[in-house]
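# Close look at the chain arrangement
If you want the building blocks of each chain, they are given just below.
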Amino acid sequence: MDAAGSEEPLPESRVGLTPRQARRIRIVLASVLMAAMAGVLMVRLASRTSVLVVGVYGAALVLCGVVIELSRHGRTRLGTWLLGIGLAAALASDWLLLP
């Protein structure tokens, strides 16, 4: 049943991203989102100074840094899920908690 000649060769052209490309894309994405969160933090602080504003957006900035480190260490899927869920939670808490 397991003959050496019966195995199919791997395809020559690879579809999708290599792991290194996926890591770099997620690092760049997290860096851009970190800069965007810093900008939103500055705008929100200019309109209303609050410890809650700093807490929500500070947590989002820390989350972006964690995702960058996870991506550097090869945990890109975990980083992607954390980035998506964490930033959605930060924006939802901004909408719900901050007047």
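Below is a summary of the structure that appears in this document. This is a predicted model, so every value here is computed, not measured. (Residues numbered from 1 in each chain as written. Predicted model: local features only at pLDDT ≥ 70, side-chain atom pairs only at ≥ 80, totals over all residues. Heavy atoms only, no water.)

With that settled, consider the overall build of the protein chain. Within the protein chain, the secondary structure is distributed over three helices and zero strands. Along the protein chain, helices (α) and strands (β) appear in the sequence α-α-α when read from the amino end. Across the 99 residues in the protein chain, those meeting the buried criterion constitute 24%. A separation of at least 24 residues holds for 63% of the contacts in the protein chain among residues at least 6 apart in sequence. Counting every atom, the protein chain has about 7,300 Å² of accessible surface; 67% of that belongs to carbon and sulfur. (Helix = DSSP H or I, 4+ residues; strand = E, 2+ residues; numbered from the N terminus. Buried < 20%, exposed > 50% of the residue type's maximum accessible area, 1.4 Å probe, protein only. Contact = heavy atoms within 4.5 Å. Areas by Shrake-Rupley, 256 points an atom, 1.4 Å probe, with all protein chains shown as cover.)

Moving on to the packing of helix α1 (residues 19-47) against helix α3 (residues 76-97). Two measures define how a pair of helices packs: the angle their axes make with one another and the distance between the axes. Here α1 crosses α3 at 15°, and the two axes come no closer than 11 Å. Taken together, α1 and α3 sit at an angle that is classed as roughly parallel. Pair α1 / α3 crosses with left-handed handedness. Residue-level inspection shows A22, R23, R26, L29, A30, L33, M37 and R44 of α1 in contact with α3, the latter providing T76, T80, L83, L87, L91 and D94. Class assignment of the residues belonging to the contact of α1 with α3 gives a composition of eight nonpolar, two polar and four charged. (Axes fitted to C-alpha atoms, helices over the stretch in contact; angles between N-to-C directions. Parallel < 35°, antiparallel > 145°, perpendicular 65-115°, else oblique. Left-handed = near helix turned anticlockwise from the far one by under 90°. Nonpolar A, V, L, I, M, F, W, Y, C, P; charged D, E, K, R; others polar.)

Bringing the side chain of S93 into the picture now. Structurally, the position occupied by S93 is in helix α3. Residue S93 is classed as buried on the basis of its relative accessible area, which comes to 17%. Residue contacts for S93: discarding those within four places in its chain leaves V56 and L98.

As a further point, take a nonpolar patch on the surface. Taken together, the side chains of L52, W95, L96 and L97 make up a nonpolar region of the molecular surface, amounting to roughly 510 Å² of accessible area. Counting residues per element, the nonpolar patch draws most heavily on α3, at three residues. Take W95: its relative accessible area is 69%, and that puts it in the exposed class. (Patch = residues over 30% accessible without salt bridge, like charges linked within 9 Å, V, L, I, M, F, W, Y side chains within 5 Å. Salt bridge = Lys/Arg side-chain N within 4 Å of Asp/Glu carboxyl O.)

Positionally, L52 belongs in helix α2 (residues 51-72). For L52, a relative accessible area of 39% corresponds to the partly exposed category. In sequence terms L52 and D94 are 42 residues apart; their C-alpha atoms lie 9.0 Å from each other. Those residues in contact with L52, other than ones at most four positions away along the chain, are L97 and L98.

Let us now look at the packing of α2 against α3. Two elements in contact, α2 and α3, have axes whose closest approach is 9 Å; the angle formed by their N-to-C orientations is 170°. Taken together, the axis directions place α2 and α3 in an arrangement best described as roughly antiparallel. Where α2 approaches α3, its residues L52, V56, Y57, A60, L63, C64, V67, L70 and S71 are matched on the opposing element by T76, L78, G79, L82, L83, G86, L87, A90, L91, S93, D94 and L97. For the contact of α2 with α3, the residue count by class is 15 nonpolar, five polar and one charged.

These figures come from the coordinates and say nothing about function on their own.
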